[in-house]
Amino acid sequence: NAGVTQTPKFRILKIGQSMTLQCAQDMNHNYMYWYRQDPGMGLKLIYYSVGAGITDKGEVPNGYNVSRSTTEDFPLRLELAAPSQTSVYFCASSYPRRGTYEQYFGPGTRLTVT
Amino acid sequence: QQQVKQSPQSLIVQKGGISIINCAYENTAFDYFPWYQQFPGKGPALLIAIRPDVSEKKEGRFTISFNKSAKQFSLHIMDSQPGDSATYFCAASLGDDKIIFGKGTRLHILP
């Protein structure tokens, strides 16, 4: 199993450009998440999904959109990129069961908006 | 109410020493408390977790101590090694969908 994969690893965007961060998992997990990580600020939840066709906002959803058409894929769309979106983005997945809620993280995408 | 407060922000420990990271929470409905470990350039990975009906959980050199009445929990790393140098996040969950993370502690073990 590849686990959770993310592409690209690095990206530089100009202000106002758009892009999609890709995330895929091959563990048949029904739950998937997008986080952003800023220095000294921990991980902030952007959006999450509990299954195909179902998405919901997290703590910091403004400026982002998601879709979940399949169990495996959960892309994150940035429209009109702003410098405040410079961050490291992590995708994660989980299969919650009684007694464990472990989330499996991808390697991250480092995004710079200038 | 939804916050998890973590301290210290950074920690330097001599090889062989004990590393201690502390976390506090307000919401008594949290029912799962994991710790994640993150190496530079990598995503976080689950290290150890505890549920509030247990006061301590040990896995190898890593121990979680949980104080339900004080709403605090801590991670102890015994015999700390240079390979333990990483960022550690405490977290709390209300159920099976979302986890709230602390701001992280950057741990450096001196060789």
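Residues numbered from 1 in each chain as written. Chains lettered and ligands numbered in written order. Predicted model: local features only at pLDDT ≥ 70, side-chain atom pairs only at ≥ 80, totals over all residues. Heavy atoms only, no water.

Engineer: What am I meant to see in the nonpolar core here?
Structural biologist: Across soluble globular proteins, you tend to see nonpolar side chains buried next to one another. All names here are of chain B. If you look at the biggest cluster of nonpolar residues, it comprises 24 residues, and the most contacted ones within it are Phe33, Trp35, Phe73, Leu75, Tyr88 and Leu107. When contributions to this core are tallied by element, the ones reaching two or more residues are strand E2 (10–14), strand E3 (19–25), strand E4 (33–38), strand E5 (45–50), strand E7 (62–67), strand E8 (72–77), strand E9 (86–93) and strand E11 (105–110). Among the elements that take part in this core, E9 stands out by supplying four residues, more than any other. (Core = buried A, V, L, I, M, F, W, Y, C linked by side-chain atoms within 4.5 Å. Buried < 20%, exposed > 50% of the residue type's maximum accessible area, 1.4 Å probe, protein only. Helix = DSSP H or I, 4+ residues; strand = E, 2+ residues; numbered from the N terminus.)

Engineer: Explanation requested: the environment of Met32(A) in the structure shown.
Structural biologist: Residue and element names in this part refer to chain A. Structurally, Met32 is set in strand E4 (residues 31–37). For Met32, a relative accessible area of 0% gives the class buried. Taking the C-alpha atoms as reference points, Met32 and Ser94, separated by 62 residues in sequence, lie 6.4 Å from one another.

Engineer: Which parts of the structure should I look at to understand the state of the cysteines?
Structural biologist: Disulfide: a covalent bond formed between the sulfur atoms of two cysteine residues. Residue and element names in this part refer to chain A. Applying the stated criterion to the full structure yields two disulfides over all chains. In this model Cys23 forms its disulfide with Cys91; the gap between the sulfur atoms is 1.8 Å. Because the sign of the S-S torsion sets the handedness, a value of about -70° for the bond joining Cys23 and Cys91 places this disulfide among the left-handed ones. With Cys23 in strand E3 (residues 19–25) and Cys91 in strand E9 (residues 87–94), this pair connects stretches of sequence that are 68 residues apart. (Disulfide = S-S within 2.5 Å.)

Engineer: Looking at this model, I keep getting lost on the sheet that holds strand E1 (residues 4–7) of chain A. Mind explaining?
Structural biologist: Note on sheets: strands pair through backbone hydrogen bonds, and any given pair is parallel or antiparallel. Residue and element names in this part refer to chain A. Sheet architecture is open: four strands sit in the order E1-E3-E8-E7, paired in antiparallel fashion. The open sheet has two free edges, formed respectively by E1 and strand E7 (64–66), since each of these has just one partner strand. Direction aside, neighbouring strands of the sheet carry axes that sit 20° apart on average. Note that E3 and strand E8 (residues 76–78) share three bridges and pair antiparallel. What sits directly across from Leu21, in E8, is Leu76. (Pairing = 2+ DSSP bridges. Axes fitted to C-alpha atoms, helices over the stretch in contact; angles between N-to-C directions.)

Purely spatial values, then, with no claim about function.
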